[in-house]
Amino acid sequence: MNSAKARQTWSVPPPGASQFQYNADFGAMLLTDNGSSLKFEFWSIAGGGTLIDQYTIAATAPVRARQVFYNDSAFDGNSPAAGALDDGAIAADKQALLPGATATSANYTSYSRGINGVIVDLLNPTGTITAADFAFHVGNSSTPNDWTAAPAPQSISVRPGAGDGGADRVTIVWPSGAIRNTWLQATVKSTAATGLAAADVFYFGNTIGETGNGATAQVNSNDEIAARQHARSFTDPANIDDPFDFNRDGFVNAIDQILARANATTLATSLKLIIPSISAMANNSASLAIVDAAWRSLTAERDVSETAPNGLASEDQTLLAFVQLSMHPSERPSEMSETRSRRRMKCPEIEPLTDVQIDFTMANL
Ligand SMILES: [Ca+2]
Ligand SMILES: [Ca+2]
Ligand SMILES: [Ca+2]
């Protein structure tokens, strides 16, 4: 990337060791990702490769997982209470919609009881988690600031260490049917108890009877017919990700057909494939702040004597780092997320890092 001044999007291999050459003439960068930290190494190419500088930042993303589960279904033993059995009812094929991303069928459920269970894994919370650490809103537009308060949860409970990577698993349960055919915005607040540097915002949707069969989330006769055509019974029960088992009882039968029919929508009333406003993304910027700090620290630590001999001190070098670093694998974008720090250097002085740009594109997984 010689003198690259335009935005570029790179594709990267899955998390693990990855290697990028950012400048054919002057250097290379090695990114080593071991899942909990990311090491930047800047190597010269001239002279056979010399390590010029390095910096390691820890992956501290305290929200390790955001999941929706089918509470009170066949998959948690038909128990409306929160507990360890709920882990088996997690909709593994669903992912939280993050601010700025476009909703797909992977972000909403078709569950007949609506959204009645959400799990958040919090790493090392700094206090006792209570309802006061969350906010919930419901709506069906891309402007969540206009949404209304969601029904209050029935319970919020914590299982220490039961979450991803040893995080505490926070289970939030609503009465069945209280939140349905809508989007839910969940906010994990920055509080003394959560220890989050900034609020963490995510979304799940629900539209009962939707099979995810079209370009929209409209529930119509096609969904009903699809349920009819994909029957499941005791002999070949439905898996948790079966798109036709709307009541998650493990069967696909007339009940599911009726659910689709009873919850039919028009295009106007259907669940919208929203793009929750990007402004909310600032709230998810804890990891970006780490990136920013890393770059600033790099500049602060580096001096001319280090850089000039190895050729890095040419003007308008563009260094790229990637936002993989402080993000948990489950939320790493499949498409490139890019952090770019443009460092203007003029020997023998290095100008302050004044134009840090963070180009952050969340893609749906
Ligand atoms: Ca349960
Ligand atoms: Ca449909
Ligand atoms: Ca069923």
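Thresholds, definitions, all that
- Residues numbered from 1 in each chain as written.
- Chains lettered and ligands numbered in written order.
- Predicted model: local features only at pLDDT ≥ 70, side-chain atom pairs only at ≥ 80, totals over all residues.
- Pairing = 2+ DSSP bridges.
- Helix = DSSP H or I, 4+ residues; strand = E, 2+ residues; numbered from the N terminus.
- Contact = placed C-beta atoms within 7 Å.
- Buried ≥ 20, exposed ≤ 12 C-beta atoms within 10 Å, placed from the backbone.
- Arc of directions from axis to C-beta.
- Core = buried A, V, L, I, M, F, W, Y, C linked by C-beta atoms within 7 Å.
- Domains from an automatic or database assignment.
- pLDDT = per-residue confidence, 0-100.
- Axes fitted to C-alpha atoms, helices over the stretch in contact; angles between N-to-C directions.
- Parallel < 35°, antiparallel > 145°, perpendicular 65-115°, else oblique.

**Student:** Please clarify how the sheet that holds strand β13 (residues 200–206) should be interpreted in this entry.
**Tutor:** The strands making up a sheet are joined through hydrogen bonds of the backbone, oriented either antiparallel or parallel. Strand order across the open sheet formed by five strands is β6-β13-β12-β8-β9, with mixed pairing between neighbours. The sheet terminates laterally at β6 (108–109) and β9 (148–149), the two strands that pair on one side only. In terms of strand pairing, strand β8 (residues 134–139) meets strand β12 (residues 182–188) through six bridges, oriented antiparallel. From the neighbouring strand, A135 faces β12, where its bridge partner is T187.

**Student:** What is the right way to read unusual backbone geometry from this model?
**Tutor:** Where the residue is not glycine, phi is negative for most of them; where a peptide bond is considered, it is trans in most cases. Here N181, not a glycine, exhibits a phi torsion of approximately 55°, which is positive. Residue position: N181 is located in the loop between β11 (168–173) and β12. The phi angle at R248 is positive, at roughly 50°, despite the residue not being glycine. Within the secondary structure, R248 is located in the loop between α1 (221–229) and α2 (254–262).

**Student:** I tried to follow the environment of D241 on my own but got confused; where do I start?
**Tutor:** Of note, D241 is situated in the loop between α1 and α2. Taking the C-alpha atoms as reference points, D241 and I90, 151 residues apart in sequence, are found 9.6 Å from one another. Not counting the four nearest positions on each side in its chain, D241 is found in contact with A92 and D93.

**Student:** When you look at α1 in this model, what are you seeing that I'm missing?
**Tutor:** An α-helical turn contains 3.6 residues, so any two residues separated by three or four positions project in the same direction. Buried within α1 we find D223, E224 and A227. Take α1 and look down its axis: the buried residues cluster within an arc of 100°, on one side only. Relative to its buried face, α1 has exposed residues pointing more than 90 degrees away, namely S221 and Q229. Contacts from the buried residues of α1 go to α2.

**Student:** Would you mind showing me how to read the nonpolar core here?
**Tutor:** A general tendency of soluble globular proteins is for nonpolar side chains to be buried together. Core analysis: the largest hydrophobic core is formed by 55 residues, its most contacted members being L97, V118, L184 and F204. Residue assignment places this core across two domains, with domain 2 (63–207 + 273–280) and domain 3 (214–270) each supplying three or more. Those residues within four positions of L97 in sequence are excluded, and the remaining contacts are A103, N107, F202, Y203, F204 and P276.

**Student:** Help me out: how do you make sense of the confidence of the model for the protein in this one?
**Tutor:** The predicted coordinates should not be examined in detail at positions where pLDDT is low. Looking at the protein as a whole, the pLDDT averages 73, with 60% of positions reaching at least 70. Contacts of residues 1–28 to residues separated by more than four positions or lying in other chains number 55 contacts, the stretch itself having pLDDT below 50. For the stretch residues 280–365, pLDDT sits under 50, and the model shows 174 contacts to residues farther than four places along the chain or on other chains.

**Student:** Can you walk me through the sheet that holds strand β10 (residues 155–159) in this structure?
**Tutor:** One open sheet holds the four strands; their spatial order is β5-β7-β11-β10, and the pairing between them is antiparallel. At either end of the open sheet lies a strand with only one pairing partner, and these are β5 (63–68) and β10. The mean inter-strand angle of the sheet, taken between neighbouring strand axes irrespective of direction, is 15°. The pairing of β5 with strand β7 (residues 117–122) spans five bridges and is antiparallel.

**Student:** Teacher, can you tell me more about the pairing of β7 here?
**Tutor:** Within a regular strand, the side chains alternate between the two sheet faces. Buried residues dominate β7, accounting for six of its six residues. The alternating pattern of β7 places G117, I119 and D121 on one face and V118, V120 and L122 on the opposite face, and all of these are buried. The pairing of β7 with β11 spans six bridges and is antiparallel. By the bridge assignment for β11, D121 is matched with R169.

**Student:** Looking at this model, I keep getting lost on the packing of α1 against α2. Mind explaining?
**Tutor:** The description of two helices packed together rests on the angle between their axes and the distance between the axes. The contact between α1 and α2 brings their axes to 8 Å, and the two run at 175°. Between α1 and α2, the interaxial angle falls into the category roughly antiparallel. Each of D223, E224, A227 and R228 in α1 lies in contact with α2, whose residues at this interface are D256, Q257, A260 and R261.

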